Every structure is written in structure tokens, then in C-alpha cells.
Amino acid sequence: MPKETKSAIKKAFLNLLCTTLFDNITVKDIADECGINRNTFYYNFEDIYALTEEILQEETEKLVNAHKTHKNWNEGLLDAADFAKKYKKEILNLHKSSKSFYLEKYFKKVIYNVVIEFVNIKAENLDISDSDKDFIAGFYTCALMGLLTEWLDNDMKSDFTPVIEKTGILFDNSIIGALEILAKK
């Protein structure tokens, strides 16, 4: 029953997030939505923030694990964009809230994992430090986060796929070039 209760709480929260800004959702709202009392909610989650963290962490793990079967980093980012489109209302209601950093943390982790995997593959035969690889992955993660944030700020009205494809053209060659230059130092 506890696992079913946690699932019901998550579902109720996501249902509410479809129509309500994150800042306006209360534990009472969630409890009422899934037919439990507040104590049952607190038995399963410390607060709404812990609930949000758990949902985003589960989704992060799914996307990161799914990326391991992709041929390139673009596919991993396309999966993240598909997730955002699937949960568009929920994502935007979280993005527009005072707690949007939860969402930023989620996307940053997904993007970083996708980019560092690409960097590691391209650096296999190069003598380059882990800190240099991390710097490159971090730099491109920040650039992609900027593009993603702009898309979210515009209510995801445009298709993000062309942005990812164009970014891929720019990034593939520049990441490889950066790795080669840093390997020579």
C-alpha cells in the first residue's frame, strides 16, 4: 500500500500542477486530490519540495539511463525536450514559480550527463585531464541551459528540435576541437 500511496500522491501533485502554479499548491490540495489525509502525505514525503525532488530525480534517472543507448548526444537532448513537451503544463507551472531552480537542476543534470558522455567518447584516445573534460562539458551544459531557459521563457511555443539539431552542428566540431587543443597542452 505505501508504494501505491506514493504513486497516488505523485499523480495528484502532477494533476494539480497541470492547472496551478507550483507556488499555489499546498499539501492539503494534494491530500484532497488523492483522498488521503495530510498525515499520510507527510508519512511519505517531508514536504512538497521533497515530492518535487523525487519526481524529477526519477525522471532524470530514466533519461540518463535511456541516453546510454543513444548514438549521439542530440538524441539524449531530444528525449529531454520530448519529456518537457509531454508535461508542458506542469513544466511551465514549475518554471514560472519561485522554485524553478528544481526544474533547472533537473535539466542541468540531464544535459550534463548527455554532454559528458559525448566528451568522454571523443576524448578516448587523447591525453586530457578529467578536469578539462569536466570544464568542456560544463561550458556546453551552460550554453544549452541558456537555450532551454529561453525556450521555457517563451512558453515552449516553438519546436525545440531544430535548436538541438543546429546546436549539434556547432557543438560537435567545437567540442572535438577544444579536446584536441587541450590535449596538446
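First things first, this report covers the structure right here in the doc. (Residues numbered from 1 in each chain as written. Predicted model: local features only at pLDDT ≥ 70, side-chain atom pairs only at ≥ 80, totals over all residues. Heavy atoms only, no water.)

## Some remarks on the pattern of salt bridges
Piece 1. Under the counting rule described, the total for this entry stands at nine salt bridges.
Piece 2. Glu53 is paired through a salt bridge with Lys105; the nearest N and O atoms lie 3.3 Å apart. Of this pair, Glu53 sits in helix α4 (residues 48-67) while Lys105 sits in helix α7 (residues 101-122), and the two are 52 residues apart along the sequence.
Piece 3. Of the residues examined, Glu53 reaches a relative accessible area of 29% and is grouped as partly exposed.
Piece 4. For Lys133, the salt bridge goes to Asp130, with nearest N and O atoms at 3.3 Å. In this pair, Lys133 and Asp130 both sit in helix α8 (residues 130-153), three residues apart, roughly one turn of the helix.
Piece 5. Given the relative accessible area of 13%, Lys133 is considered buried.
Piece 6. Using a relative accessible area of 58% as the deciding quantity, one classes Asp130 as exposed. (Salt bridge = Lys/Arg side-chain N within 4 Å of Asp/Glu carboxyl O. Helix = DSSP H or I, 4+ residues; strand = E, 2+ residues; numbered from the N terminus. Buried < 20%, exposed > 50% of the residue type's maximum accessible area, 1.4 Å probe, protein only.)

## Some words on the packing of aromatic side chains
Piece 1. Counted by the stated rule, this structure contains 12 aromatic pairs.
Piece 2. Relative to Tyr102, the ring of Tyr49 has its centre 6.0 Å away and its plane inclined at 10°; by these criteria the two rings are stacked. With Tyr49 in helix α4 and Tyr102 in helix α7, this residue pair connects regions lying 53 residues apart in the sequence.
Piece 3. You can call Tyr49 partly exposed: its relative accessible area is 33%.
Piece 4. Where Phe83 meets Tyr87, the ring centres are 5.2 Å apart and the plane angle is 50°; that geometry is what we call tilted.
Piece 5. Under the relative-accessibility criterion, Tyr87 is labelled partly exposed at 22%.
Piece 6. In this structure an aromatic cluster arises from ring pairing among Phe13, Phe22, Tyr49, Phe101 and Tyr102. (Phe/Tyr/Trp six-rings, centres within 6.5 Å; stacked < 30°, edge-to-face > 60°.)

## Let's talk about the layout of surface pockets
Piece 1. In this model, the largest pocket occupies a volume close to 290 Å³.
Piece 2. Lining the largest pocket are 18 residues, with Leu14, Ile55, Glu59, Phe83 and Tyr87 positioned closest to its centre.
Piece 3. Taken together, the residues of the lining of the largest pocket sort by class into 10 nonpolar, two polar and six charged. (1 Å grid on protein atoms, 1.4 Å probe; cavity = no way out; pocket = protein on both sides within 12 Å on 5 of 7 lines; lining within 4 Å. Points joined across faces, edges and corners; volume = space filled by probe spheres on them. Nonpolar A, V, L, I, M, F, W, Y, C, P; charged D, E, K, R; others polar.)

## As for the side chain of Asn93
Piece 1. Mapped onto the fold, Asn93 is located in helix α6 (residues 88-95).
Piece 2. Take Asn93: its relative accessible area is 14%, and that puts it in the buried class.
Piece 3. At 2.6 Å, the side chain of Asn93 forms a polar contact with the backbone oxygen of Leu17.
Piece 4. Within the structure, the side chain of Asn93 is placed 3.5 Å from the backbone oxygen of Thr20, a separation counted as a polar contact.
Piece 5. Once you skip the residues sitting within four places of it in the chain, Asn93 turns out to touch Leu17, Cys18, Thr19, Thr20, Leu21 and Phe22. (Polar contact = N/O pair within 3.5 Å; in protein donor to acceptor, adjacent residues only side chain to side chain. Contact = heavy atoms within 4.5 Å.)

## Notes on empty space enclosed by the protein
Piece 1. What the rule picks out here adds up to two cavities of 30 Å³ or more.
Piece 2. Taken as a whole, the largest cavity spans an internal volume of roughly 80 Å³.
Piece 3. Residue lining of the largest cavity: Leu77, Ala80, Ala81, Phe107, Ile111, Leu144, Leu148, Phe160 and Ile164, and that is the complete set.
Piece 4. At the level of elements, α5 (73-86), α7 and α8 are the ones that each hand at least two residues to the lining of the largest cavity.
Piece 5. The element that contributes the greatest number of residues to the lining of the largest cavity is α5, accounting for three residues.
Piece 6. When grouped by side-chain class, the residues that make up the lining of the largest cavity number nine nonpolar, no polar and no charged.
Piece 7. As for the second largest cavity, its lining consists of His95, Leu103, Glu104, Phe107, Met145, Leu148, Thr149 and Leu152.
Piece 8. Counting residues per element, the lining of the second largest cavity draws most heavily on α8, which supplies four residues.

Interpretation note: all reported values are geometric properties and have no functional meaning in isolation.
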